Amino acid sequence: ALVARSAIDLGAAYAEGNQLRRAHTVYLQGLERVPEDVPLLTALGALEGRMGSDSAAIAHLREALRIGGKSAVLHNNLGALYLRQGEQNEALGHFLELVALRPSDAQLRYTVGVLLARSGRSVQAMEHLEHAARLAPQDQRVAHTLTMLRDRSIRPATTEHPALP
């Protein structure tokens, strides 16, 4: 645990100084000594995501999940990476796991609602968007998306529907 903690601390210091390659090397060296350290895998995955190495980031974060990591950070980062890759269903799965961990996060509920709507699951989308509206009644984006989704659900099937944000 001390080796992993030291690697995380040193890697984070390099990353803060924008020495991303150096931080990456430190994290990889730490993993050579403690290959199943969830916090180290999580830090490495986050750094690789920041560096644009999405495939490597996803692999390391998925490994952390496989080992037993259940943190909101893992699901959030995986969801964001999958979204960036255009894999909305994979992203949605992780964001739904994240909702279970952070049920009062209005932004997350909004994101899940939009992804569900885009996948054609309007009833579930409405539930998440309505929950987001209760959590953040001042958020006009949520209100607008809810209105669009409601309008879309009462129009005839042949009508062209506006795209969700």
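Residues numbered from 1 in each chain as written. Predicted model: local features only at pLDDT ≥ 70, side-chain atom pairs only at ≥ 80, totals over all residues. Heavy atoms only, no water.

> Would you mind showing me how to read the packing of helix H6 (residues 88-101) against helix H7 (residues 106-118) here?
The relative placement of two packed helices comes down to the angle between their axes together with the axis-to-axis distance. In the contact formed by H6 and H7, the axes pass within 10 Å of each other and the chain directions differ by 145°. The interaxial crossing formed by H6 with H7 has left-handed handedness. Seen from H6, the contacting residues are Gln88, Leu92, Phe95, Leu96, Leu98 and Val99; seen from H7, they are Leu108, Arg109, Thr111, Val112, Leu115, Leu116 and Arg118. Looking at side-chain class alone, the contact of H6 with H7 contains nine nonpolar, two polar and two charged residues. (Axes fitted to C-alpha atoms, helices over the stretch in contact; angles between N-to-C directions. Helix = DSSP H or I, 4+ residues; strand = E, 2+ residues; numbered from the N terminus. Left-handed = near helix turned anticlockwise from the far one by under 90°. Contact = heavy atoms within 4.5 Å. Nonpolar A, V, L, I, M, F, W, Y, C, P; charged D, E, K, R; others polar.)

> I keep staring at the pattern of salt bridges and nothing clicks. Help me out?
Opposite charge on two side chains makes pairing possible when the charged atoms of those side chains draw close. One pass over the full model with this rule turns up seven salt bridges. For Arg66, the salt bridge identified is with Glu63, shortest N-O distance 2.7 Å. Placement of both Arg66 and Glu63 in helix H4 (residues 54-67) is noted, with a separation of three residues, approximately one turn of the helix. Judged by its relative accessible area of 55%, Arg66 is exposed. Overall, Glu63 belongs to the partly exposed group, its relative accessible area being 25%. Note that Asp105 is salt-bridged to Arg102, the shortest N-O span being 2.5 Å. (Salt bridge = Lys/Arg side-chain N within 4 Å of Asp/Glu carboxyl O. Buried < 20%, exposed > 50% of the residue type's maximum accessible area, 1.4 Å probe, protein only.)

> In this structure, what is going on with the nonpolar core? I would like to understand it.
It is characteristic of soluble globular proteins that their nonpolar side chains tend to be buried jointly. Leu40, Phe95 and Val112 are the most contacted members of the largest nonpolar core, which totals 43 residues. Sort the elements by how many residues they give to this core and H7 lands first, with seven residues. (Core = buried A, V, L, I, M, F, W, Y, C linked by side-chain atoms within 4.5 Å.)

> Teacher, can you tell me more about the confidence of the model for the chain here?
For residues with low pLDDT, the predicted coordinates do not support detailed interpretation. Averaged over every residue, the pLDDT of the chain is 90; residues scoring 70 or more account for 92%. Scored below 50 in pLDDT, residues 155-165 makes 19 contacts in the model with residues more than four places away or belonging to other chains. (pLDDT = per-residue confidence, 0-100.)

> Just to check I follow, could you spell out the packing of aromatic side chains for this structure?
Centre distance and the angle of the planes are the two values used to describe a pair of aromatic rings. Across all of its chains, the model carries zero aromatic pairs by this definition. Positioned above the aromatic ring of Tyr110, the side-chain terminus of Arg141 is 4.1 Å from the ring centre. (Phe/Tyr/Trp six-rings, centres within 6.5 Å; stacked < 30°, edge-to-face > 60°. Lys NZ or Arg CZ within 6 Å of the ring centre and 35° of its normal.)

> Teacher, can you tell me more about the environment of Gln88 here?
Considering the arrangement of structural elements, one finds Gln88 in helix H6. Its relative accessible area of 30% is what places Gln88 among the partly exposed residues. Those residues in contact with Gln88 that lie beyond four places of it in its chain are Leu83, Leu115 and Arg118.

> Explain the environment of Ile8 here, please?
In this structure, Ile8 sits in helix H1 (residues 2-16). Note on Ile8: relative accessible area 11%, which makes it buried. For the pair formed by Ile8 and Leu44, sequence separation is 36 residues and the distance between their alpha carbons is 8.6 Å. The contacts of Ile8, once residues within four sequence positions are left out, are Tyr27, Asp37, Pro39 and Leu40.

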